[in-house]
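# Understanding the architecture of this molecule
For reference, the chains in residue letters:
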Amino acid sequence: MIVRILSEGQWVVDEDALPELNEIDSALETAVANGDQQALTDALATLLERVRTIGEPVPDDMLAESDLILPEGDASLDEVRALLADNSGGLVPD
Amino acid sequence: MAGFFSRLALIFRSKADKALDRVEDPRQTLDYSYQRQLELLQKVRRGVADVATSRKRVELQAQQMQSEMQKLTLSAQRALEAGREDLAREALTRKSGLQAQLGDLQTQHATLQGEEEKLVRASTRLQAKVDAFRTRKETIKATYSAAEAQTRINEAFTGISEEMGDVGLAIQRAEDKTLQMQARASAVDELLASGALEDATGTYKDDITRELDSLASDAAVENELAAMKSQLAVGSGPAPTPALSSSSSTEASPQPGVAEASQESAQPQAAPQSPEDQ
């Protein structure tokens, strides 16, 4: 499974790590739903650190699609909401 | 992971799919995409230069603040030497105010440096992917014949699209942050230029310096006065000498009036006696 951390690059993460990552993912979702910036920052920091630790970096010259995309560690609630709400133009150049 | 952020991946994918659907000949998609990649690379490099410019400006401002703080330390030392603890305290208080501003600038500097490093890294990564895409594009175009090629085009396109989307976001973030920093840096520059910050530092420092200077000039005046007085005291030896010599000269060669007076006084004294004697 390939995971991208926005502005950092991609990592290949073993499927075995999924349950652990999903748990943190739930915490993130709750944090965003509750508008809790501190909880989002904490959960995001934990999640990114786990991905960097257990993952293998994807070589720069490899073109691969990600299965999962994580925001940057210092992302704000507004930024995360904007990313998820953004369904038209912006993320990918047309 | 079917969770929260898998939605982000889906957004990237659906955008790439939409872009592909719009083009009739997939080979054109490859060429068009490659052009966009080169443009994006240029944009990333400009972004790196912009962030570097902002960072250098913050560095310059931090240097200015540091030299202001050094001046205030010197003022405090001068004040203490002059026995003015109140002035020394004032100078040090202003210095600690500047210290807080400097801390803020240093945080900004660290943020800009982080953005700069991220963009440099993004630029390297994008360059490598663009190169890989170009190689793959030429291969696909040369062997283009069947639906198999279409699949490979889709793979290459979606792979690079995601990277471009990410880099595009990174540039946007860096631009936003740089603009914020530039606005704050301009505010500090304006303050420095208008003298308002000089008021907060310089003028404060100036009145301390002015008071120290006036203390010093008071001392200089006192010193000069004392020097003049002591010169006068030494000179009070020779100064009476002319007066003495003039009085002795009066004795030696009596002025006519004085001589007349003495003659007159001698004559009346003699005159009464002489009639009695006669």
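Residues numbered from 1 in each chain as written. Chains lettered and ligands numbered in written order. Predicted model: local features only at pLDDT ≥ 70, side-chain atom pairs only at ≥ 80, totals over all residues. Heavy atoms only, no water.

Let us look at the overall build of chain A. Within chain A, the secondary structure is distributed over three helices and four strands. Secondary structure of chain A in N-to-C order comes out as β-β-α-α-β-β-α. Split into buried and exposed, the 94 residues of chain A put 46% on the buried side. Within chain A, residue pairs in contact and separated by at least 24 positions form 69% of the contacts whose partners lie at least 6 positions apart. When the accessible surface of chain A is split by element, carbon and sulfur atoms take 50% of a total near 4,300 Å². (Helix = DSSP H or I, 4+ residues; strand = E, 2+ residues; numbered from the N terminus. Buried < 20%, exposed > 50% of the residue type's maximum accessible area, 1.4 Å probe, protein only. Contact = heavy atoms within 4.5 Å. Areas by Shrake-Rupley, 256 points an atom, 1.4 Å probe, with all protein chains shown as cover.)

Another point: the nonpolar core. Soluble globular proteins: nonpolar side chains tend toward being buried together. In this structure, B:Leu40, B:Met65, B:Leu119, B:Leu126, B:Phe133, B:Val167 and B:Ile171 are the most contacted members of the largest nonpolar core, which totals 42 residues. Counting 34 residues, the second-largest nonpolar core is a separate cluster that includes A:Leu18, A:Ala43, A:Leu84 and B:Phe4. (Core = buried A, V, L, I, M, F, W, Y, C linked by side-chain atoms within 4.5 Å.)

Our next topic: the pattern of salt bridges. With the rule as written, the count across this model stands at 25 salt bridges over all chains. Here B:Arg121 ties to A:Asp60 by a salt bridge, and the two come within 3.2 Å at their closest N and O atoms. One end of the pair, B:Arg121, is in helix α3 (residues 85-143); the other, A:Asp60, is in the loop between β3 (56-57) and β4 (68-70), on a second chain. In this structure, the salt-bridge partner of B:Arg55 is B:Glu59, at a minimum N-O distance of 2.9 Å. In this pair, B:Arg55 and B:Glu59 are both assigned in helix α2 (residues 26-81), four residues apart and thus about one turn of the helix distant. One salt-bridge network, in which partners are shared between bridges, spans A:Glu72, A:Asp74, A:Glu79, B:Glu115, B:Lys118, B:Arg173 and B:Lys177. (Salt bridge = Lys/Arg side-chain N within 4 Å of Asp/Glu carboxyl O.)

This part takes up helix α1 (residues 6-21) of chain B. Each full turn of the α-helix corresponds to 3.6 residues, which orients residues three or four apart in the same direction. For α1(B), spanning 16 residues, the distance from its first C-alpha to its last is 23 Å, which sits close to the expected 22 Å at 1.5 Å a residue. Among all positions in α1(B), only B:Ser6, B:Leu8, B:Ala9, B:Ile11, B:Phe12, B:Lys15, B:Ala16, B:Ala19 and B:Leu20 are buried. (Expected span 1.5 Å × (residues − 1).)

Looking now at the confidence of the model for chain A. Residue and element names in this part refer to chain A. On average, residues of chain A score 85 in pLDDT, and 90% of them are at 70 or above. For chain A, the element scoring lowest by mean pLDDT is helix α3 (residues 77-85), at 82; β3 scores highest, at 95. Under a pLDDT of 50 for its full length, residues 87-94 has, in the predicted model, 25 contacts with residues more than four places off or in other chains. (pLDDT = per-residue confidence, 0-100.)

Of note, A:Arg4 is situated in strand β1 (residues 2-5). Side-chain polar atoms of A:Arg4 contact the side chain of B:Glu162, separated by 2.5 Å. There is a polar contact of 2.8 Å between the side chain of A:Arg4 and the side chain of B:Glu163. Among all residues touching A:Arg4, those that are not within four sequence positions of it are A:Gly9, A:Gln10, A:Ser66, A:Leu68, A:Ile69, A:Leu70, B:Glu162, B:Glu163 and B:Asp166. (Polar contact = N/O pair within 3.5 Å; in protein donor to acceptor, adjacent residues only side chain to side chain.)

Together, B:Val221, B:Leu225 and B:Met228 make up an exposed nonpolar region whose accessible area comes to about 260 Å². In this fold, B:Met228 is placed in helix α5 (residues 196-235). (Patch = residues over 30% accessible without salt bridge, like charges linked within 9 Å, V, L, I, M, F, W, Y side chains within 5 Å.)

Before going further, it helps to examine the interface of chain B and chain A. Tallying the contact residues gives 40 residues for chain B and 43 residues for chain A. Both sides together, the interface formed by chain B and chain A hides about 4,000 Å², and carbon and sulfur atoms give 57% of it. At the junction of chain B and chain A, the tally comes to nine salt bridges. Of the charged contacts, one joins A:Glu72 and B:Lys118 as a salt bridge, the two residues approaching to 3.1 Å between their closest N and O atoms. Where chain B packs against chain A, one counts 16 residue pairs in polar contact (both at pLDDT 80 or more). (Buried area = accessible area lost by both parts, 1.4 Å probe.)

What follows concerns the environment of B:Arg84. All names here are of chain B. Mapped onto the elements, Arg84 comes out in the loop between α2 and α3. If near-sequence neighbours (up to four positions away) are discounted, Arg84 is found in contact with Ala79, Glu211 and Leu215. Looking at Arg84, its side chain comes within polar contact range of the side chain of Asp86, at 2.8 Å.

On average, chain B scores 75 in pLDDT, and the residues at 70 or more come to 73%. A low-confidence stretch, residues 274-278 of chain B stays under pLDDT 50, and its non-local contacts, those more than four residues away or across chains, total one contact.

All names here are of chain A. For α3, every residue scored as buried is listed here: Leu77, Val80, Leu83 and Leu84. Down the axis of α3, the smallest arc covering the buried residues is 130°, so these residues share one side. Exposed side chains of α3 directed beyond 90 degrees from the buried face belong to Asp78 and Ala85. (Arc of directions from axis to C-beta.)

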